[in-house]
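# Residue-level structure breakdown
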Amino acid sequence: MGNTMIIAKKEMGSLLHEKTLVLAIIVQLLIASFSSLLVIGLASFFDPSALGKYDGQKAKVGIVGEGELKQFIEKGSVKPYYYQDINSALSDFNKNKIDAVVVIPSQESGGNEIIQVIIYLPKSDIKGTLVTLQLKKPLEDYETFVRDVRSPRIGFEPVRLHVESLPQKTSTYFEFIYGILIPLLVFTPVFISGGLIIDMFTEEFERKTMELLLVSPVSFQEILNGKMLTAVLIVPMQVLLWLMLVRLNGVVVYNIGIILLLISIIAVIIVLIGAVVAVKYRERAISQYMYSLILILLFLLGYLFADSPFNIVTRLSSGAAGIEALVNVAPYAALALPFYIYTRRFQLS
């Protein structure tokens, strides 16, 4: 145990020289520190309507032509500007005098033609998203109006969906924070540690320093344990820091203690897998490649089970699960044990 701690202390001290690890930690630090701002940005791409409460200024929309759609746009939350032709509208649009241009279609709702609406939007992602958000409601109302006019022709009553009125419909922010952001911050240190343990071993093999270590009064198993201990210990420390930063951003994270326990167990499994791959192949490139393939496979398998680590973290962090989730954590702890027993059989030839 003493030699194991010496190896672990040596590896912990050399972590600051791992540029890839330091860069990854800085990226995660930025994500966790500005998680509120990040969620707003991501939510705007996933669901523009999530920005509804941030669009205080009405978009200036140029309208070209006459037709039924014009009435719906006028009832919406945009500021209309009327033009006689498309060229004058585009001229003001290119000069940033208006935010968008809508060409009213000539087709009537009672006709048989497909109604095509031409809309010019700014290239700026944020501005374009906000304008789209304000045009979305009148366009949807117009679509519903046309469908109602034309529905008697199809000869049957279409099935109406009322998704918006379902009580279990979740908000976009809730989905992003607890379904994506927190699992991303929690599992990224695990994946990094799996790659880190590979670098720790393959560098020893490639620099021919493993032989020097083995002639010292340290066994290969103690070297293995020391390096794996370092790779595992940094995971809960990072996760705790990221979750604290998320909480400072006003996001309530429940069951942090159980999350740290689960993520430590998963880290043990991933680090053991990385160690097995590194000792088997002994070359960094092929080992990292095989490790990446295994991660992709495990990631896909994780979505086949309701109690996958990703889902457990989501339920725990959102408060949907509590201490009873330990029952779902136990199988992963049981899975780590045979992995560790297998690595104890490793001997260098």
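Here Asn-255, not a glycine, exhibits a phi torsion of approximately 50 degrees, which is positive. Within the secondary structure, Asn-255 sits in the loop between helix H9 (220-248) and helix H10 (256-281). According to the relative accessible area criterion, Asn-255 is partly exposed, its value standing at 25%. A positive phi angle, close to 65 degrees, is found at Arg-282, a residue other than glycine. Relative to the helices and strands, Arg-282 resides in the loop between H10 and helix H11 (284-302).

Let us look at the layout of surface pockets. Reported here for the second largest pocket is a volume of approximately 410 Å³. Lining the second largest pocket are 19 residues, and of these Ile-266, Leu-298, Gly-302, Pro-309 and Tyr-332 sit closest to its centre. The set of elements that each furnish at least two residues to the lining of the second largest pocket consists of helix H7 (172-206), H10, H11, helix H12 (309-318) and helix H13 (326-343). When residues of the lining of the second largest pocket are assigned to their parent elements, the largest contribution, five residues, is made by H11. A class-by-class count of the residues in the lining of the second largest pocket yields 17 nonpolar, two polar and no charged.

Pairing is mixed in the open sheet, where four strands are placed in the order E2-E1-E3-E4. Edge positions in the sheet fall to strand E2 (79-83) and strand E4 (118-120), since each of these pairs with one other strand and no more. The sheet shows a mean angle of 25 degrees between the axes of neighbouring strands, taken without regard to direction. Pairing of strand E1 (residues 60-64) with strand E3 (residues 100-103) involves four bridges; the strand directions are parallel. What sits directly across from Ile-63, in E3, is Val-102. Helix-sheet contacts for helix H5 (residues 86-94) involve E1, E2, E3 and E4, and the interaxial angle to E3 is about 165 degrees.

A word on H11. Taking 1.5 Å of rise per residue, 19 residues should cover 27 Å, and H11 covers 26 Å from first to last C-alpha, within 8% of that figure. The set of residues buried in H11 consists of Ser-287, Gln-288, Tyr-291, Leu-295 and Gly-302. For H11, the angular spread of the buried residues around the axis is 90 degrees, confining them to a single face. Among the exposed residues of H11, those pointing more than 90 degrees away from its buried face are Ala-285 and Leu-300.

Judged by nonpolar contacts, the single largest core of 67 residues is most densely connected at Ile-182, Val-186, Ile-197, Phe-201, Leu-243 and Val-253. Listing elements by their share of this core, those giving two or more residues are helix H2 (19-33), H7, helix H8 (210-215), H9, H10, H11, H12 and H13. Among the elements that take part in this core, H10 stands out by supplying 18 residues, more than any other. In this structure, Phe-201 is in contact with Met-210, Phe-220, Leu-224, Lys-227, Ala-275, Ala-278 and Val-279, ignoring residues within four places of it in sequence. With 15 residues, the next largest nonpolar core counts Val-131, Leu-135, Tyr-142 and Val-146 among its residues.

Buried residues of helix H4 (residues 68-75): Leu-69, Lys-70, Phe-72 and Ile-73, and no others. Along the axis of H4, the buried residues cluster in a sector spanning 165 degrees; they form a single face.

Now for the packing of aromatic side chains. Counted according to the given criterion, the structure contains six aromatic pairs. Considering the side-chain rings of Phe-72 and Phe-145, the 5.5 Å spacing of their centres and the 45 degrees angle between planes classify their relative orientation as tilted. Residue Phe-72 is found in helix H4, and its partner Phe-145 is found in helix H6 (residues 125-150); the two are separated by 73 residues along the sequence. Residue Phe-145 is classed as partly exposed on the basis of its relative accessible area of 30%. The structure contains a cluster of three or more aromatic residues connected by ring pairs, namely Phe-187, Phe-191, Phe-299 and Phe-310. The ring of Phe-201 has Lys-227 sitting right over it, with the charged end atom 5.8 Å from the ring centre. Sitting over the face of the ring of Tyr-281, Lys-280 holds its NZ or CZ atom 5.8 Å from the ring centroid.

Conventions we followed
Residues numbered from 1 in each chain as written. Predicted model: local features only at pLDDT ≥ 70, side-chain atom pairs only at ≥ 80, totals over all residues. Heavy atoms only, no water. Helix = DSSP H or I, 4+ residues; strand = E, 2+ residues; numbered from the N terminus. Buried < 20%, exposed > 50% of the residue type's maximum accessible area, 1.4 Å probe, protein only. 1 Å grid on protein atoms, 1.4 Å probe; cavity = no way out; pocket = protein on both sides within 12 Å on 5 of 7 lines; lining within 4 Å. Points joined across faces, edges and corners; volume = space filled by probe spheres on them. Nonpolar A, V, L, I, M, F, W, Y, C, P; charged D, E, K, R; others polar. Pairing = 2+ DSSP bridges. Axes fitted to C-alpha atoms, helices over the stretch in contact; angles between N-to-C directions. Contact = heavy atoms within 4.5 Å. Expected span 1.5 Å × (residues − 1). Arc of directions from axis to C-beta. Core = buried A, V, L, I, M, F, W, Y, C linked by side-chain atoms within 4.5 Å. Phe/Tyr/Trp six-rings, centres within 6.5 Å; stacked < 30°, edge-to-face > 60°. Lys NZ or Arg CZ within 6 Å of the ring centre and 35° of its normal.

Any functional reading would require information beyond the geometric quantities listed.
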